[in-house]
Amino acid sequence: MLPGDIQQLANGFAAQGWHKPPEQFAHYLQLQQEGSRKIIIAEHRGQAVGYTTLLPLALEGPFAGKLPEIQDFNVLISHRRQGFGNRILDASEALAKGYGLGLAPGESRASIGVGLHSGYGNAQRL
């Protein structure tokens, strides 16, 4: 994530009626700069169209302290079903492998937090 992504993402999600204020993305950028979270951005023609965050270790749930966790995974509605979500996940999984959690050589795992509300159906299927 770069500083210029903040307003692009906030504007894109606001245009589709989702409340994701610039402060949320500014906080993510701060966490990335501190090294406590990585933010993966999908771009199309120079514009941020999706993102997710990656924690080195899940903070809660059954994988807390055991596996990296992919959180807050979103692609703008206008850019769905074009491969951006798959590329975001591929990049997240590659980064998660770098955390090396004492698993057997060649083995890697990550968890993903997905809401159970029907509005998360696309993410659940992916």
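Residues numbered from 1 in each chain as written. Predicted model: local features only at pLDDT ≥ 70, side-chain atom pairs only at ≥ 80, totals over all residues. Heavy atoms only, no water.

A. Looking closely at unusual backbone geometry. Of note, the phi angle at Arg45 is positive, near 55°, even though the residue is not glycine. In this structure, Asp72 is a non-glycine residue whose phi angle is positive, near 50°. Position of Asp72 relative to the elements: it lies in strand β3 (residues 69-75). Residue Asp72 is classed as partly exposed on the basis of its relative accessible area of 21%. (Helix = DSSP H or I, 4+ residues; strand = E, 2+ residues; numbered from the N terminus. Buried < 20%, exposed > 50% of the residue type's maximum accessible area, 1.4 Å probe, protein only.)

B. Examining the packing of aromatic side chains more closely. Overall, the coordinates contain 6 aromatic pairs when judged by the stated rule. With a centroid separation of 5.2 Å and an interplanar angle of 90°, the aromatic rings of Phe25 and Tyr51 are classed as edge-to-face. Residue Phe25 is found in helix α2 (residues 22-34), and its partner Tyr51 is found in strand β2 (residues 47-55); the two are separated by 26 residues along the sequence. Residue Phe25 is classed as buried on the basis of its relative accessible area, which comes to 0%. Residue class for Tyr51 comes out buried when judged on its relative accessible area of 0%. The structure contains a cluster of three or more aromatic residues connected by ring pairs, namely Phe13, Trp18, Phe25, Tyr28 and Tyr51. Above the ring of Phe13, the side-chain terminus of Lys20 is found at 5.9 Å from the ring centroid. (Phe/Tyr/Trp six-rings, centres within 6.5 Å; stacked < 30°, edge-to-face > 60°. Lys NZ or Arg CZ within 6 Å of the ring centre and 35° of its normal.)

C. Structural view of the packing of helix α1 (residues 3-15) against α2. Axis separation between α1 and α2 bottoms out at 8 Å; the angle between their running directions is 145°. Remark: the crossing between α1 and α2 carries right-handed chirality. In this structure, α1 contributes Pro3, Ile6, Gln7, Leu9, Ala10 and Phe13 to the contact, and α2 contributes Pro22, Phe25, Ala26 and Leu29. Residue composition of the contact of α1 with α2, by class: 9 nonpolar, 1 polar and no charged. (Axes fitted to C-alpha atoms, helices over the stretch in contact; angles between N-to-C directions. Left-handed = near helix turned anticlockwise from the far one by under 90°. Contact = heavy atoms within 4.5 Å. Nonpolar A, V, L, I, M, F, W, Y, C, P; charged D, E, K, R; others polar.)

D. Just the nonpolar core, in detail. With 24 residues, the main nonpolar core has Met1, Leu9, Phe13, Phe25, Tyr28, Tyr51 and Ile88 as its most contacted residues. What Phe13 contacts, discounting residues up to four positions off in sequence, is Trp18, Lys20, Phe25, Tyr51, Asn74, Val75 and Leu76. (Core = buried A, V, L, I, M, F, W, Y, C linked by side-chain atoms within 4.5 Å.)

E. Spatial organisation of the pairing of strand β1 (residues 38-44). In terms of strand pairing, β1 meets β2 through 7 bridges, oriented antiparallel. Each residue of the ladder has a partner; that of Lys38, found in β2, is Leu54. Here β1 hands over to β2 after 2 residues, with Arg45 in that stretch at a positive phi of 55°. (Pairing = 2+ DSSP bridges.)

F. Examining the sheet that holds strand β4 (residues 111-112) more closely. Spatial strand order, β1-β2-β3-β4: 4 strands in an open sheet with mixed pairing. Looking at the sheet topology across the chains shown, the edges are occupied by β1 and β4. Each of β1, β2 and β3 is contacted by α1, which is oriented at about 105° to β2, the strand it contacts most. Contacts from α2 reach β1, β2 and β3, with the element oriented near 50° to β2.

Interpretation note: all reported values are geometric properties and have no functional meaning in isolation.
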